[in-house]
Amino acid sequence: MKKIILLLAAVVSLMAAQAQHVEFKWHRCYGVAGYDFSTNLNKTDFADKATFHGFYAVGGWQIRKESGIGLGVEYLRDASGAFSQMPVFVEVRSHYLRNRVTPFSTLYVGYSIPLGSSSGGENAIQIAKGGPTWGFSVGARYAFSRKLGINAFIGYQGIYMGRVERKVDGLLANARPQLLQDIKVGVGFNF
């Protein structure tokens with residue numbers, strides 16, 4: 001009797017494992033959109049702390065079942081308003097399994113456009129010139145169906161700003177480049 005129960009349990013387990021197999025898109029357009037939170041790890045010359053709430057969207061093409069290339073845009077809003085910007089980037093996205101749950105990674109490079117916002121007041125900080133941005137992330141995607149999934153990730157983003165202006169008592173006191181090295185976490189939808 002025990003052997004029959006064990007055999008039945010093994011068959012049910014195998015069927016459940018097969019039911020988990022959902023191949024997401026293959027040779028089609030894909031989209032990813034979501035939210036991320038990031039904060040800089042490095043200390044700048046002026047000990048700036050930039051925390052961003054970001055909303056992003058990527059559209060691309062699946063080259064193979066496991067990988068694709070896309071074009072994306074992100075809106076990064078800094079709580080102080082000083083470092084708000086809009087990166088535009090190209091990404092390479094890879095999924096490593098053909099199952100319902102799969103790990104993934106992204107690698108991206110682009111240009112960050114300043115939005116002209118400022119921290120305000122007589123001691124304001126403002127990005128006057130944008131610059132390159134780059135980064136990577138790793139995470140997992142859960143596919144509800146072949147066309148819809150959710151993901152969660154953690155990653156790194158570098159943002160080099162060509163000119164950051166600082167005013168003291170309303171007068172320009174400093175204007176120099178600045179590099180932010182951010183760690184980010186986020187969630188999104190795959191469609």
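The rules we used
Residues numbered from 1 in each chain as written. Predicted model: local features only at pLDDT ≥ 70, side-chain atom pairs only at ≥ 80, totals over all residues. Heavy atoms only, no water. Core = buried A, V, L, I, M, F, W, Y, C linked by side-chain atoms within 4.5 Å. Buried < 20%, exposed > 50% of the residue type's maximum accessible area, 1.4 Å probe, protein only. Helix = DSSP H or I, 4+ residues; strand = E, 2+ residues; numbered from the N terminus. Contact = heavy atoms within 4.5 Å. Salt bridge = Lys/Arg side-chain N within 4 Å of Asp/Glu carboxyl O.

**Student:** Please explain the nonpolar core as it appears in this structure.
**Tutor:** Among soluble globular proteins, nonpolar side chains are generally buried collectively. Ranked by size, the top nonpolar core spans eleven residues in total: Ala-50, Phe-52, Leu-76, Ala-82, Phe-83, Ile-125, Ile-127, Ile-159, Met-161, Val-164 and Leu-180. Those elements that place two or more of their residues in this core are strand E6 (125-129) and strand E8 (149-168). It is E8 that provides the largest number of residues to this core, a total of three residues. Here Ile-125 is in contact with Asp-48, Ala-82, Phe-83, Ser-117, Ser-118, Ser-119, Val-164, Glu-165 and Arg-166, once residues within four sequence places are set aside.

**Student:** Which parts of the structure should I look at to understand the pattern of salt bridges?
**Tutor:** Close approach of charged atoms allows side chains of opposite charge to pair. A complete count under the given rule lists six salt bridges for this structure. Between Glu-66 and Arg-64 there is a salt bridge; the shortest N-O distance is 2.7 Å. For Glu-66, a relative accessible area of 18% puts it in the buried group. What makes Arg-64 partly exposed here is its relative accessible area of 46%. Among the salt bridges present, the one from Glu-165 reaches Arg-163, with a minimum N-O distance of 3.0 Å. Of the residues examined, Glu-165 reaches a relative accessible area of 18% and is grouped as buried. Here the salt bridges do not stand alone but share partners, grouping Asp-36, Glu-74 and Lys-184 into one network.

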